[in-house]
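Chains, contacts and geometry: an overview
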Protein chains: 2
Amino acid sequence: MPIVKLASLPTIKRLPSYLHVVEAAQKDGKDFISGTIIAEELELEPIQVRKDLAITGIVGKPRIGFPVKELINAINSFLEWDKIHRAIIVGAGNLGRALMGYAEFKRHGMSILAAFDPSTDKIGKTICGVPVHSLNQMVNKIRELDVHIAILTVPSDQAQAVAELLVKAGIKAIWNFTNVKLKVPGNVVVQKEDLSSGYAVLAVKMARQHGSV
Amino acid sequence: MPIVKLASLPTIKRLPSYLHVVEAAQKDGKDFISGTIIAEELELEPIQVRKDLAITGIVGKPRIGFPVKELINAINSFLEWDKIHRAIIVGAGNLGRALMGYAEFKRHGMSILAAFDPSTDKIGKTICGVPVHSLNQMVNKIRELDVHIAILTVPSDQAQAVAELLVKAGIKAIWNFTNVKLKVPGNVVVQKEDLSSGYAVLAVKMARQHGSV
C-alpha cells in the first residue's frame, strides 16, 4: 500500500477543525476569514494555518483572508467529503451505536447502510435508521449494497476473523476501533482509532500542569 | 498553561500501542523484546521505536532488546497510568456509555465514579457499574467524590455551559468529545477528541489507494 506521506497526516487530521471554524464564520454571514483569526480560534501558529490550508489549493489574500465559501468547498473536496462513502458497521454495541448516530459523519458523505451483530435481540431492529443484520449475512450484503468502508467495533478477540470476512467480501477500507493490529492484504486501507491515545495525552498533560496526582 | 512540548505529543500518542505489543510479548512468556520486532508489529521504523521508548528511560540491550517487565512498568509510569484518575462522564448517551464500558481505561487507572445526564429515564440507574445522576447534582458530586477529570460527551450546544460548571466545581482536566472549542481558564487541561479526524485520514487514504470513488 502506498503510504500516505507522513508529513501531511497531521495536516489532514487538522482539516476537520479548520472546516468547523470556517463553517461557523459562514453561519455568521462572513465572506472572508483571516488566517490569524483561524489560528487564534484553534490555538495554532498563523504560519501553520497558512501551510496547512495551502494543501487545499486556496490561498488567502493579504488583509482580507481566505474566501469562506471556496475554502469550505476546497476542504470538503480535499478530504473527499463531497462524495458519498457507502459504509457498514460491524458490532452494534455502544460504540457502534454512537458512530451510527454521529451526525458529523452523515453530513460529510458517510452513508452507513447496515450494521451487523451476532446478538439475536438486535438482529432485525433498526438503530438510528440503520438496519441490523446477522453476521452471516455480512458478505452478501456488502456485495449487494456496494459497500467500500467497514467500521469495526467488535470485541477485540473477533476483530481479525471479521476483518478476513470483510476482505473476502471485497471491502476497500476498514476503520478499526478495536485494539487489534489487523493483518490484511496491502491493498486494503486500515485506519486504526485508539481512544487510549487521547487518554495518554490527557494524563501526561495533567501531570505536567498539576503535578502527579 | 505550559504547552506540552509538541515534539513529544506523537510519541505519547504511540505509547499505548507499544504497551499493547509489549504486554502481548509478556503474555507469550517473553522476558525481552527487540526494537525491530516492535517496529515490524507497529509498522514503524526501528529508529523511531528506539527514540520513542527512550522517553520512558528504558534502553534496549544490543541483540537482546528491551526488558519486557521493566518496559511495561516504565510506559505505565510515564503515562501516569499507574495512578488512579478519578473521573466522571457528563452525557450518558451512546458515546458516554461506550466510554463507561471501555475496559482499557479501567485497566489503566481511569476510575469513572459517576455519570450525569439531563434525561429523567437515565437518572438513578447504573450503566456498566456507574451511577447516573441529574446535572444539577454535578458540582456537589465532583467535590464530594474528589474528581479531577470530566469526560464530556454532551450535545455540542450544551458543551460550553457544562464546561463552565465543571470549572466552577474545580475540575482539573476535561476530555472533550464534543466538536466545540471550549473556553476555559488556562489552568484547566483540555484534551479534544475529534472522531472526524480519523474519518478525514480514512477518506484521503482511500482516494490515494483506490482513486476517488
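Residues numbered from 1 in each chain as written. Chains lettered and ligands numbered in written order. Predicted model: local features only at pLDDT ≥ 70, side-chain atom pairs only at ≥ 80, totals over all residues. Heavy atoms only, no water.

- Chain A goes by Redox-sensing transcriptional repressor Rex in an unreviewed UniProt entry, where it is assigned to Salinispira pacifica.
- Looking at the Subcellular location (unreviewed entry) heading of the UniProt record, one finds this comment for chain A: "Cytoplasm". (UniProt positions renumbered as here; feature names shortened; annotations may be inferred.)

**Here we look at the domain arrangement of chain A**
- When cut into domains, chain A gives domain 1 (6-78) and domain 2 (85-196).
- Between the C-alpha centres of domain 1 of chain A and domain 2 of chain A there is a distance of 31 Å. (Domains from an automatic or database assignment.)

**Notes on the UniProt feature "binding site: NAD(+)" (unreviewed entry) in chain A**
- If you check UniProt for "binding site: NAD(+)" (unreviewed entry), the listed places come out as Gly91, Ala92, Gly93, Asn94, Leu95 and Gly96 of chain A in our numbering.
- Apart from the residues within four sequence positions on either side, Gly91 of chain A is in contact with Gly96, Phe116, Asp117, Thr153 and Val154 of chain A.
- When you line up the elements, Asn94 of chain A lands in helix 5 (residues 94-100).
- Judged by its relative accessible area of 28%, Asn94 of chain A is partly exposed.
- Residues contacting Asn94 of chain A, with those up to four places away along its chain left out, are Asn94, Arg97 and Ala98 of chain B. (Contact = heavy atoms within 4.5 Å. Helix = DSSP H or I, 4+ residues; strand = E, 2+ residues; numbered from the N terminus. Buried < 20%, exposed > 50% of the residue type's maximum accessible area, 1.4 Å probe, protein only.)

**What to know about the pattern of salt bridges**
- Under the defined criterion, the tally for this structure stands at 18 salt bridges over all chains.
- For Glu23 of chain A, the salt bridge goes to Arg107 of chain A, with nearest N and O atoms at 3.1 Å. Of this pair, Glu23 of chain A sits in helix 1 (residues 9-27) while Arg107 of chain A sits in helix 6 (residues 103-107); the two residues are 84 residues apart in sequence, bridging distant segments of the chain.
- Judged by relative accessible area, which is 17%, Glu23 of chain A ranks as buried.
- Across the pair Asp52 of chain B and Arg14 of chain B runs a salt bridge whose closest N-O atoms are separated by 2.7 Å. Pair noted here: Asp52 of chain B is in helix 3 (residues 46-54) and Arg14 of chain B is in helix 1 (residues 9-27), with a separation of 38 residues, a long-range link.
- Accessibility expressed as a relative area gives 1% for Asp52 of chain B, which makes it buried.
- For Arg14 of chain B, a relative accessible area of 22% puts it in the partly exposed group. (Salt bridge = Lys/Arg side-chain N within 4 Å of Asp/Glu carboxyl O.)

**Concerning the relation of the copies chain B and chain A**
- Note on the identical chains: chain B maps onto chain A by a rotation of 180 degrees and an axial translation of 0.0 Å, with an RMSD of 0.0 Å. What the superposition gives is, in effect, a two-fold axis relating one chain to the other. The C-alpha atom lying nearest the rotation axis in chain B is that of Asn94 of chain B; the distance is 2.7 Å. (Least-squares fit on C-alpha atoms with pLDDT ≥ 70 in both.)

**Some details on the packing of aromatic side chains**
- This structure, assessed with the given rule, holds twelve aromatic pairs over all chains.
- Measuring from centroid to centroid gives 5.0 Å for Trp175 of chain A and Phe177 of chain A, while their planes differ by 50 degrees, and the two rings are tilted. Both residues of the pair, Trp175 of chain A and Phe177 of chain A, belong to the buried class.
- An aromatic cluster is built from Trp81, Tyr102, Phe105, Trp175 and Phe177 of chain A together with Tyr199 of chain B, whose rings are joined through pairwise contacts. (Phe/Tyr/Trp six-rings, centres within 6.5 Å; stacked < 30°, edge-to-face > 60°.)

**Observations regarding unusual backbone geometry**
- The backbone of Arg63 of chain A shows a phi angle near 70 degrees, a positive value even though the residue is not glycine.
- Mapped onto the secondary structure, Arg63 of chain A falls in the loop between helix 3 (46-54) and strand 2 (66-67).

**Considering the UniProt feature "DNA-binding region" (unreviewed entry) in chain A**
- The positions UniProt marks with the feature "DNA-binding region" (unreviewed entry) are residues 17-56 of chain A.
- Between the C-alpha atoms that bound residues 17-56 of chain A the distance is 14 Å, and the span itself is 70% helix and 5% strand.

**Notes on the pairing of strand 7 (residues 149-152) of chain B**
Residue and element names in this part refer to chain B.
- Burial along strand 7 is two-sided: the face carrying Ile149 and Ile151 and the face carrying Ala150 and Leu152 are both buried.
- Bridging between strand 7 and strand 8 (residues 173-176) involves four bridges; their strand directions are parallel. Residue pairing in the sheet places Leu152 in a bridge with Asn176 of strand 8.
- This β-α-β element, strand 7 to helix 8 (residues 156-168) to strand 8, shows right-handed connectivity. (Pairing = 2+ DSSP bridges. Right-handed = clockwise from strand over helix to strand, strands pointing away.)

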